[in-house]
Amino acid sequence: MHGPLESPPIASLAHALMAQIDAARARATEDPFGNPILSVALSIQRRLDDGTLVEADFARLIAHLQEKAFGQRAGRIAAYVGGVGPHNDAALAAIAARLLRPDPNDSPVPFAAYRDAISRPHFAAVFTAHPTFSLPAATGAALAHAATGEVVDVRGLSHRPTAPTLDEEFDQANAAIAHGRDALDRFAAALLAAAREAWPDRWHTLMPAPVILSSWVGYDTDGRTDIGWYDTLRYRLAMKRLQLVRIGAQVTAVVPESALARRIAAAEAEVAAQLAACPRDPDPVAVQALAKALVEGRDRALTSPAPLLPLFEEAIAGAADDRARLALGVTRAGLVGHGLALAHTHVRLNATQLHNALRQRLGLSEDPEDPAARRTLLASLNGALEAVDPIPVDFGALLAEQASAARLMMTIAQIVKHVDGSQPVRFLVAETETGATLLAALWLARLFGVGDHVEISPLFETEAALENGPRVLDEALRSAAFRAYLHAQKRLCLQFGYSDSGRYVGQLPASYLIERLRLRVAELMARHGLSDVELVLFNTHGESIGRGAHPGSLADRLDYLAPAASRLLLAKSGIRVREESSFQGGDGYLLFGTGALALASIARIAEHAFSPTEEAGDPIYAESDFAADFFATARNNMAALVADRGYAALLGTFGPALLDRTGSRPSARQAEGLGGPAMISHPRELRAIPNNAILQQLGYLANTLHGLGTAAARAPELFADLRRRSPRFARALAFAEGAAAGSDLDVLRAVTGTLDPGTWLDRAAATQRPGRRDALVTIASTLETLLVSASVQAMFRRLRSDQLKLLACWPDLPRMDAELALLHALRLAAIHRIWILAARIPDFSPRHGATRADLLARIVRLDIAAALDLLGRIFPAAPDPSAGLDFHEPAAPRAGMSYGREHEQIFAPMRRMFDLVRETGAAITHRIGALG
């Protein structure tokens, strides 16, 4: 793939250290009190102390392992999508052939049946924008090209995240979407080519859109306040222009002098002018200019593909040959499938924002979370829905509006009027825990005249929402107004999240709860007379095993998220289903990072979407009592772990400091004071992605593994039997296998030992170096002030107990390999070195509101940048700048002095070591495969 970065001696050193880890692990069977990871970390630190390992070689060692992990990640990506190459085009052609002739020996299906099968979306890939950009854009692009099999040279590329701006997130998403659209064009071409053989006189009337793309990048306002309505409008106009540029280039390549090409060019030029008028802040004069550009240019810019369709028919009829007709048919299909945008539009906010908007307008004081008030609130909302009269929306009203939910709905109204009214906008509502939330969204949509243009979708993600999801839906479906809305839309949209659910109840129990909810939906729809309504099931998750994406393969991921039993049940009920799945942030965009990867991803999606729903007969469903008990036990154990104060201490002591910022949205909720980052008291104070990323960096993916041992131990024989016989259960446990390969409790024990003052006192007792002994005692004293060791050790015993039960039931469970373990040992060595250097900081009188003890506490928590900044002011590196000046009087003694030696011997090495801590984290992210 690419040439080696390091010289053989560094590679040899890596192999020697891995052998040392293997040997230490082997000794651990005879010495259970030893810790293989901590012992190797201490060995590395001793080499740094005595000079047998210089800092430059330590850095080169980490770079060597980092580059190797990069190459391994590229190989895994290629395997994950099922490989790149001509077999993916063949797979799409095979799907088209099977749709045309389910039995290869029979005649083609009727034209209408083929048209219906390929014209409606069966699947949507949704590009989302959370802070999971674990690589700079250039390095991510290099990784995607390496996964495609190209030769890349990563020398000079950083593997550390560089938090993108919102514009940069938007650009990365659109690059991936463009590759996806190219792949969809090849699928459309395969479907049209198959039809041409069967119906040579009318194949060109088909407009296939069996798979579509959507995006919420720039439109997701849940949990962030940095996206204004003007940003959302600007991004939506940009998506419109990208679509027009795309189809314009495709048409011009076939019929350059046509009326169709001229009309598209005119629309694109007008949209470019509208986009140039978009403000980046709510300045009234600038917004007035935008309104003028949108209103006056509305017809030229198009607000629907409809005016282009007769021109397409004319161009297709006059095309020179079938090749040209096929190219134009593919372009038209991409336009009709996505409207005037490169991808469909999803907006998102949370339920609280919705209810706040309605309190202002309707004066509803009932708390939607209060069961006693829920009936009154539902009745009030139903009455309001019957009485609502739409009001006009203009940009002046948008400028004046203060409620975020109302602003978002008004923005949708302006998009529908002035940008594109041909495609519905998905309106995702996070934290939906009552049907009243859905009625509130519908009332607001009708108030602003877009009730027919929004797809209201609850997000079931919290534990309460997953538990009460059937009740929430039932409450909404009892509303005649909501049912009428669904009949008009012909679509019920639901969203399932693996973020908060996974970190609070565990990934596998979350999957079980989500599947249980899926199984209940068909019953609810039948009960409320909605069997003629299409059901959209959108799974939002991250790319790593920390947030719900199956680690085995993309095919496994799609089958894991949409289990065969629920697909079969919905098929039998006669309900049409569209599956949707997220590709999140830079890590998710990698699967569409090149044309070849996007083609492979679309091929796997298409294979899944059109796979037959045959009788599964999976034994896990016959053992429903076992399944319910297994996942409930795992869930309860995970809930107890989350409530354990030692777990919060483990995550929060220095876990956040191991992570570079990876997205434009703030990644943590905790505040900082003069004493440094606040200690968290509960995992809810961290966002889900950093929560999970910290577990990956600490070496034990508890949110996937914990509780499984206790659950399996309740029926070990049945557990083993179902692992062998149940595809559904085995696929879920393969998720745990992937987590186990990135986990080792010895790594976590080394971390907890590092936080234990006793470890440092034991080291102090064993050393013969007086200065070192004092430093070790200082570190122990500083750790004592954090008051975390006892609770962390107790929490570790909780994890160990459950793991022992799991190993007893699953003795061949994978474990972390020596190479990944070495990365953890190297980072611990770097952390220890930082602390020992910090213990050499000279004492000083309180300065800038801090004492030496305060600074040491910050450094122990790895708040290095802030600590070093303060130390630079307390101990200036340069002498007093006034020392050489003549002040026209006899010179007085100067009290100021420089601390160049402290900077050279303490502060600068601390900074370099902390950079290596983060570099090691980037290598671990490569090995895991994503961040969080």
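Right above here is the structure, for reference.
Residues numbered from 1 in each chain as written. Predicted model: local features only at pLDDT ≥ 70, side-chain atom pairs only at ≥ 80, totals over all residues. Heavy atoms only, no water.

Engineer: Just to check I follow, could you spell out the overall build of the protein for this structure?
Structural biologist: Regarding its fold elements, the protein presents 42 helices and 10 strands. The C-alpha atoms of the protein give a radius of gyration of 30 Å, which matches the 30 Å a tight globule of 932 residues would have. Taken along its principal axes, the extent of the C-alpha atoms in the protein is 90 × 85 × 65 Å. Going through the 932 residues of the protein one by one, you find that 59% of them count as buried. In the protein, once contacts between residues fewer than 6 apart in sequence are set aside, the share between residues at least 24 apart is 83%. Just so you have it, the protein exposes about 34,600 Å², and 54% of that area is on carbon and sulfur atoms. (Helix = DSSP H or I, 4+ residues; strand = E, 2+ residues; numbered from the N terminus. Rg over C-alpha atoms; globule rule 2.2 N^0.38 Å. Buried < 20%, exposed > 50% of the residue type's maximum accessible area, 1.4 Å probe, protein only. Contact = heavy atoms within 4.5 Å. Areas by Shrake-Rupley, 256 points an atom, 1.4 Å probe, with all protein chains shown as cover.)

Engineer: Looking at this structure, I do not really get the pairing of strand β2 (residues 211-215). What am I missing?
Structural biologist: The side chains of a regular strand alternate, residue by residue, between the two faces of the sheet. Taking burial as the measure, the 5 residues of β2 include 5 buried ones, the bulk of the element. Side chains Val 211, Leu 213 and Ser 215 project from β2 onto one buried face, and the interleaved Ile 212 and Ser 214 project onto a second face that is buried too. Bridge count for β2 against strand β3 (residues 344-350) is 2 bridges, and the pairing is parallel. Residue pairing across strands places Ser 215 opposite Thr 345, the latter belonging to β3. (Pairing = 2+ DSSP bridges.)

Engineer: Which parts of the structure should I look at to understand the sheet that holds β3?
Structural biologist: To summarise the sheet geometry, strands pair through backbone hydrogen bonds and adopt either a parallel or an antiparallel arrangement. Pairing in this closed barrel of 8 strands is parallel, and the strands run β1-β2-β3-β4-β5-β6-β7-β8 around the ring. Averaged over all pairs of adjacent strands, the angle between their axes in this sheet comes to 25 degrees, without regard to strand direction. Sheet contacts for helix α14 (residues 351-362): β3 and β4 (425-430); angle to β3, the most-contacted strand, approximately 75 degrees. Lying on the sheet, helix α20 (residues 480-489) is in contact with β5 (454-460) and β6 (491-497); it crosses β5 at an angle near 115 degrees. (Axes fitted to C-alpha atoms, helices over the stretch in contact; angles between N-to-C directions.)

Engineer: Please clarify how empty space enclosed by the protein should be interpreted in this entry.
Structural biologist: The method is simple in principle: a probe with the dimensions of a water molecule rolls over the atoms, and the space it marks as empty is what remains. Within this structure, the stated rule accounts for 7 cavities of 30 Å³ or more. Its volume calculated, the largest cavity comes out at about 110 Å³. Lining of the largest cavity is provided by 15 residues; of these, Leu 184, Ala 188, Pro 208, Ala 209 and Val 211 occupy positions nearest its centre. For the lining of the largest cavity, the secondary-structure elements that each account for two or more residues are α7 (166-198), β2 and α13 (322-338). (1 Å grid on protein atoms, 1.4 Å probe; cavity = no way out; pocket = protein on both sides within 12 Å on 5 of 7 lines; lining within 4 Å. Points joined across faces, edges and corners; volume = space filled by probe spheres on them.)

Engineer: Teacher, can you tell me more about the environment of Arg 769 here?
Structural biologist: In this fold, Arg 769 is placed in the loop between α36 (757-766) and α37 (770-786). Judged by its relative accessible area of 44%, Arg 769 is partly exposed. Separated by 51 residues in the primary sequence, Arg 769 and Leu 820 place their C-alpha atoms 32 Å from one another.

Engineer: What exactly am I supposed to notice about the packing of helix α33 (residues 716-725) against helix α34 (residues 727-741) here?
Structural biologist: Between two packed helices, both the angle of their axes relative to each other and the distance between the axes serve to describe the pair. Between α33 and α34, the least distance of the axes is 6 Å, while the angle of their chain directions is 100 degrees. Between α33 and α34, the interaxial angle falls into the category roughly perpendicular. Along the contact surface, α33 presents Phe 719, Leu 722, Arg 723 and Arg 725, while α34 presents Pro 727, Phe 729, Ala 730 and Leu 733. For the contact of α33 with α34, the residue count by class is 6 nonpolar, no polar and 2 charged. (Parallel < 35°, antiparallel > 145°, perpendicular 65-115°, else oblique. Nonpolar A, V, L, I, M, F, W, Y, C, P; charged D, E, K, R; others polar.)

Engineer: Mind showing me how you'd approach the pattern of salt bridges here?
Structural biologist: Side chains that carry opposite charge are capable of pairing whenever their charged atoms lie near each other. Counted by the stated rule, this structure contains 62 salt bridges. For Arg 527, the salt bridge goes to Glu 523, with nearest N and O atoms at 3.0 Å. Of this pair, Arg 527 and Glu 523 are both found in helix α22 (residues 507-527), 4 residues apart, which corresponds to roughly one turn of the helix. With its nearest N and O atoms 2.8 Å apart, the salt bridge here joins Glu 543 to Arg 557. Remark: Arg 557 occurs in helix α23 (residues 554-561) and Glu 543 occurs in the loop between β7 (534-540) and α23; sequence separation between them is 14 residues. Of the two residues, Glu 543 and Arg 557, neither departs from the other in class, the shared state being buried. (Salt bridge = Lys/Arg side-chain N within 4 Å of Asp/Glu carboxyl O.)

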